[in-house]
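If you want the building blocks of each chain, they are given just below.
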Amino acid sequence: MFALGVDVTRNAFRRPFQLREFIQQCWFVVSVTVLPTALVSIPFGAVIALQIGSLTRQIGAQSFTGAASVLAIIQQASPIVTALLIAGAGGSAICADLGSRKIREEIDAMEVLGVSPVQRLVVPRVLAAMLVSVLLNGMVSVVGVMGGYFFNVILQDGTPGAYLASFSALAQLPDLWISEIKALIFGFIAGIVAAYRGLNPAGGPKGVGDAVNQAVVITFLLLFFVNFVLTTIYLQVVPAKGS
């Protein structure tokens, strides 16, 4: 899997670039992920806002509800939700597509003709997953923050001014950058794992189904581990605002 990631990185800069395939894959991944991602981001942001709002009320720190909610959504919830949907919907479809091509021996035929399957099929799909992850992460951030604002102000009688003021006082631009970097890396991981399992299924259609399940599970495990590593590095390298 690591070797495939290196091959994809190297072939991404090799010409000719499969622009048509890349655009088709971007549209396909968006079509299967944008609606579920939007529907998931609303309750996700609401749950975080309600939980943090209840906690801050207990300790008498209601004025910091906005900052805590927004930072939790942008730094953690948004890239994770995006990655889970990319892996669960887009990655499984990529794995099934490549797996079906493999058992029909289309991949072997391409290699016999001297066409690189990695450059022709894998690179456009991985790049599409990365681009769509970054775009969906922005959408989840906006929808989640708006949902958190609504539920905090309407249901918990929060103050709109305090919500926005605490956010502007504690949030900083690197918080958004780390969110987008996480989404980019998560999209790369989801695409690589899906492509690897799709190119190496067991025999027959059952093997393709098993490969899809394995790809989703492996991606989830890697995403949570990489998220822990990136969060730890970010909190150690970037000082908190006002510290």
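Residues numbered from 1 in each chain as written. Predicted model: local features only at pLDDT ≥ 70, side-chain atom pairs only at ≥ 80, totals over all residues. Heavy atoms only, no water.

(A) Spotlight on helix α2 (residues 19–58). Over its 40 residues, α2 extends 54 Å from the first C-alpha to the last, a length consistent with the 58 Å expected when each residue adds 1.5 Å. Taking the largest bend as the criterion, α2 deviates by roughly 35°, centred on T33, and proline P36 comes between one and four positions later. Positive backbone phi, approximately 70°, marks G60, located one or two places after α2. (Helix = DSSP H or I, 4+ residues; strand = E, 2+ residues; numbered from the N terminus. Expected span 1.5 Å × (residues − 1). Bend = angle between axes of the 7 residues up to and from the residue.)

(B) Highlighting the packing of helix α7 (residues 173–199) against helix α8 (residues 204–237). One way to put it is that α7 packs onto α8 with a least axis distance of 9 Å and a crossing angle of 155°. As far as their axial angle goes, α8 and α7 are roughly antiparallel. Where α7 crosses over α8, the handedness of that crossing is right-handed. Along its contact with α7, which presents P174, D175, I178, K182, I185, F186, I189, A190, V193, A194 and R197, the element α8 presents A211, Q214, A215, I218, T219, L222, L223, V226, N227, L230, T231 and Y234. Per-class residue counts for the contact of α7 with α8 are 16 nonpolar, 4 polar and 3 charged. (Axes fitted to C-alpha atoms, helices over the stretch in contact; angles between N-to-C directions. Parallel < 35°, antiparallel > 145°, perpendicular 65-115°, else oblique. Left-handed = near helix turned anticlockwise from the far one by under 90°. Contact = heavy atoms within 4.5 Å. Nonpolar A, V, L, I, M, F, W, Y, C, P; charged D, E, K, R; others polar.)

(C) Molecular detail of the side chain of N227. Considering the arrangement of structural elements, one finds N227 in helix α8. Since its relative accessible area comes to 8%, N227 is described here as buried. Sequence-distant contacts of N227, that is, excluding residues within four places in its chain, are made with Q76, I80, K182 and F186. (Buried < 20%, exposed > 50% of the residue type's maximum accessible area, 1.4 Å probe, protein only.)

(D) A look at the confidence of the model for the protein. Averaged over every residue, the pLDDT of the protein is 83; residues scoring 70 or more account for 94%. Of all the helices and strands in the protein, helix α6 (residues 160–170) carries the lowest mean pLDDT, 71, while α7 carries the highest, 89. (pLDDT = per-residue confidence, 0-100.)

(E) Representation of unusual backbone geometry. Cis geometry marks the peptide bond from R15 to P16; its omega dihedral reads 5°. Tracing the sequence through the fold places P16 in the loop between α1 (2–11) and α2. Backbone geometry at E105 places phi at a positive 65°, although glycine is not the residue there. Along the chain, E105 turns up in the loop between α3 (65–103) and α4 (106–112).

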